[in-house]
Amino acid sequence: MCMNSSVRSVRIIFSVAAALVAILCCAFLFVEYAAPDAFTANAEGEYTFEADHSKLDVPYNAAPQPLPVIVKQNGEVLASDAYTITYTSAELEDYASGSTIAPVKAAVYSAVVSVNGLSGEGTYAEYKYVISPKPLEIEVSGSASYAYNGASFSRNVSPLGICIGDENSVNVIVTYTGSFHALAAGERPVDADTYQMSFTLDNPNYKVGTVTDLNGGKTLTITKRTLVAKADDVSVTEGREPALTVSVSGFVNNEDVSAIDEMPVVRTSATEVGAHSLMPSGGKADNYDFTYAQGTLTINSRTASGSVEASAVTIDFDGVFAPGTSYTGRIIDPDGEEGKNVDDTVNKYRMANFTATPEHIFAISAVSGGVRQDSLKEGEEGRIEHATLTLHNVTLDSSKEYFIVFMDSQGGVTKITNYEYANGILKFNAYAAEGTVIIYRDSQTLVVWLIVLGAVVLFFILLLIASKVSYYNDKKDIEAARRRRRKGKSGYRW
């Protein structure tokens, strides 16, 4: 009975001891992990380092901010001169090797608190100490929309909440990013687009906080200017291709059509004589839109008018080539003698029978002033010997020969080879001031020149052959003479 009582007593003692050990272990773990910034040293007494976690990350305030730490020895608070705090930061050159000066600038520091005169474990503590950039409110104001004028635009941007003393050391850098234009930071936009605004600060002690735009959504819009594209008025003779052009006005900043990527164009299918409206379309430019203004295409009849004045007719017109048209009539020689047989000679001037393509075909009508001449015969009383026709805007190659077939309104046909041509003006004499002028390039002249050239080439070829024959004959004669001379000398020796 007593033995059992003793066993129970021993067991109770061991249970109490185990409970005490467990309580001590829990207390140690609590101290170790729940309060990592409280350090104790047993050398020269116990040292405790206590730092407030809520104050280990503080905002920049432009003033020195020492580490908020308390050092105790055996529970008594030590004076600040009994320990030293050393600050080190890889972000700042002044603190790269460590400094005991309380930091001001925003950075991440390693702060080591050590008891003066002591070393070893338990005599110091290390903390991560952060001074964070102060957030500033950004206020955006000013117009959010402008019309393109070739100059740069921006909006007013102001930082709010800068610390005293830093007013002149903080600048807001704005980056404008458009739908079609990406600009470098700080570059002001010029071209038409809608730009989104983003902000940075050039002082590392501050950062962008909230952004307030008083007049928009943190954007800047530059709208396109409007140009007027007008179809130019143009006149052309029937059958000719008109040169259609567009004039553009409304540029700013002394710009011109070089600012247009694709010019507006004007097209028409009109071919009938008369006035036709022209309207441009299209066009593309970075900084301009287009409106369009109408022009007029005037198609004139190919028949021109002139007048007979003192035996001279001046006609201004554009020649129109009419292939496939057949012109017939009776022949009148340049000397005024009527052709022998109309049926035999008229086909000579029938268009379908000409191998060469006419250079120009003109229809001439002279019905006002002077004496009207249709077809004139030699010996008619009151007859004007000839009319001098002057044709403007005629294009001929001055280095080539031409002949003119002139058919009057009565069917009289004259072949004319004597004419004057210079600077687009063609003059010749005819027996009528009204009719049709057909201009041909004179292929016969070319044939004659080719024949002459061939004859000259043939002459030189024959001359070369003759010289070769003569050379070989002379060579044979020389060889024969040499042989005779050698033979005579040989006979003398015998």
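Predicted, not measured: the structure shown is a model, and the values here were computed from it.

Cut-offs and rules
- Residue numbers restart at each chain and count upward from 1, following the sequence in its written direction.
- The predicted nature of this model means local features are confined to residues of pLDDT at least 70 and side-chain atom pairs, given and counted, to a pLDDT of 80 or more, with totals for whole chains, interfaces and linings taken over all residues.
- With hydrogens and water excluded, all non-hydrogen atoms of the structure serve as input to the side-chain values.
- Strands here are runs of E lasting at least two residues and helices are runs of H or I lasting at least four, both read from the DSSP assignment and numbered beginning at the N terminus.
- Residue-level accessible areas treat just the shown protein chains as cover; the underlying method is Shrake-Rupley with a 1.4 Å probe.
- Two strands qualify as a pair provided DSSP detects at least 2 bridges between them.
- Helix axes are fitted only over the stretch in contact, all axes being lines through C-alpha atoms; the angle between N-to-C directions runs from 0 to 180 degrees.
- Contacts are assigned to residue pairs that have any heavy atoms within 4.5 Å of one another.
- Only centres within 6.5 Å qualify two rings of Phe, Tyr or Trp (six-membered ring in Trp) as a pair; their planes then separate them into stacked at under 30 degrees, edge-to-face at over 60, and tilted for everything else.
- Partly exposed residues are those whose accessible area sits between 20% and 50% of the maximum for their type, while under 20% is buried and over 50% is exposed, using a 1.4 Å probe and protein chains only.
- For this analysis, a nonpolar core means a set of buried residues of the types Ala, Val, Leu, Ile, Met, Phe, Trp, Tyr and Cys, connected via side-chain atoms within 4.5 Å.
- What makes a patch is a set of residues exposed beyond 30% relative accessible area and free of salt bridges, joined within 9 Å when like-charged and within 5 Å when nonpolar (Val, Leu, Ile, Met, Phe, Trp, Tyr).
- In the sections that follow, a salt bridge refers to a side-chain nitrogen of Lys or Arg positioned within 4 Å of a carboxyl oxygen of Asp or Glu.
- Scored between 0 and 100, pLDDT is the confidence that the predictor attaches to each residue.
- The definition of a polar contact used here is a pair of N or O atoms within 3.5 Å, where within protein one atom must be able to donate a hydrogen and the other to accept one, and adjacent residues in sequence count solely through side-chain atom pairs.

(A) Structural detail: the overall build of the protein. When its secondary structure is counted, the protein shows three helices and 30 strands. For the protein, the accessible surface area stands at approximately 30100 Å², while carbon and sulfur atoms represent 54% of it.

(B) Up close: the sheet that holds strand S2 (residues 57-59). Spatially, S2-S7-S6-S5 is the arrangement adopted by the four strands of the open sheet, whose pairing is mixed. Each edge of the open sheet carries a strand with a single partner, namely S2 and strand S5 (83-88). Pairs of neighbouring strands in the sheet enclose a mean axial angle of 25°, with direction left out of account. As paired strands, strand S6 (residues 107-115) and strand S7 (residues 124-132) are joined by eight bridges and run antiparallel to one another. From the neighbouring strand, Val112 faces S7, where its bridge partner is Glu126.

(C) The arrangement of the environment of Ser249 in detail. Tracing the chain through its elements places Ser249 in strand S17 (residues 246-249). The spatial distance from the C-alpha of Ser249 to the C-alpha of Ala229 is 6.7 Å, given a sequence separation of 20 residues. Contact partners of Ser249, with chain neighbours within four places excluded, come to Leu227 and Val228.

(D) Main features of the sheet that holds strand S8 (residues 134-141). Here three strands make up an open sheet; going across it, the order is S10-S8-S13 and the pairing mixed. On the outer flanks of this sheet lie strand S10 (156-160) and strand S13 (206-213), each paired with one strand and no other. The sheet shows a mean angle of 30° between the axes of neighbouring strands, direction not considered.

(E) View of the packing of aromatic side chains. Enumeration over the complete set of coordinates arrives at eight aromatic pairs. Each ring, one from Phe251 and one from Tyr288, has its centre 5.5 Å from the other, and the planes form 75°; the classification is edge-to-face. One end of the pair, Phe251, is in the loop between S17 and strand S18 (274-278); the other, Tyr288, is in strand S19 (residues 288-293), with 37 residues separating them in the sequence. According to the relative accessible area criterion, Tyr288 is buried, its value standing at 1%. Considering the side-chain rings of Phe459 and Phe460, the 5.6 Å spacing of their centres and the 75° angle between planes classify their relative orientation as edge-to-face. Among the aromatic residues, those joined into a ring-pair cluster are Tyr87, Tyr95, Tyr109 and Tyr129.

(F) Local environment of the nonpolar core. With 59 residues, the main nonpolar core has Leu67, Val113 and Tyr127 as its most contacted residues. Among the elements that take part in this core, S6 stands out by supplying five residues, more than any other. Dropping the residues within four chain positions of it, Val113 is found in contact with Phe49, Leu67, Val69, Val71, Tyr83, Thr84, Ile85, Thr123, Tyr124, Ala125 and Tyr127.

(G) Inspection of a nonpolar patch on the surface at higher detail. Judged by side-chain polarity, Leu450, Leu453, Val457, Leu458, Ile461, Leu462, Ile465 and Val469 come together as a nonpolar surface patch covering roughly 730 Å² of accessible area. Among the secondary structure elements, Val469 is positioned in helix H3 (residues 443-493). Given a relative accessible area of 44%, Val469 falls into the partly exposed group.

(H) Fine view of the confidence of the model for the protein. Within the protein, residue pLDDT values average 76, and 67% of them lie at 70 or more. Below pLDDT 50 for its whole length, residues 304-357 participates in 132 contacts with residues either more than four positions away or in separate chains. pLDDT under 50 marks residues 365-385. Its contacts with residues more than four places away, or in other chains, come to 52 contacts.

(I) Structural context of unusual backbone geometry. Its identity is not glycine, yet Asn74 carries a phi of approximately 55°, on the positive side. Within the fold, Asn74 resides in the loop between strand S3 (69-73) and strand S4 (76-77).

(J) The pattern of salt bridges, seen in detail. Here the structure, examined in full by the defined rule, presents three salt bridges. Across the pair Asp233 and Lys230 runs a salt bridge whose closest N-O atoms are separated by 3.7 Å. Among the residues examined, Lys230 registers a relative accessible area of 31% and is labelled partly exposed.

(K) Spatial organisation of the pairing of strand S29 (residues 425-430). Of the two faces of S29, only one is covered, namely that formed by Leu426, Phe428 and Ala430; the face formed by Ile425, Lys427 and Asn429 stays uncovered. Of the pairings in the sheet, the one linking strand S28 (residues 420-422) to S29 comprises three bridges and is antiparallel in character. Note that in S29 the partner of Tyr421 across the bridge is Leu426. Hairpin connection, S28 to S29: the antiparallel pair is bridged by two residues, and Asn423 has positive phi, about 55°.

(L) Inspection of the environment of Ser89 at higher detail. Relative to the helices and strands, Ser89 is located in the loop between S5 and S6. Taking relative accessible area as the criterion, Ser89 reaches 2% and is therefore assigned buried. In this structure, the C-alpha to C-alpha distance between Ser89 and Val130, residues 41 residues apart in sequence, is 10.0 Å. If near-sequence neighbours (up to four positions away) are discounted, Ser89 is found in contact with Tyr95, Ala96, Ala107, Val108 and Tyr109. Within the structure, the side chain of Ser89 is placed 3.0 Å from the backbone oxygen of Val108, a separation counted as a polar contact.

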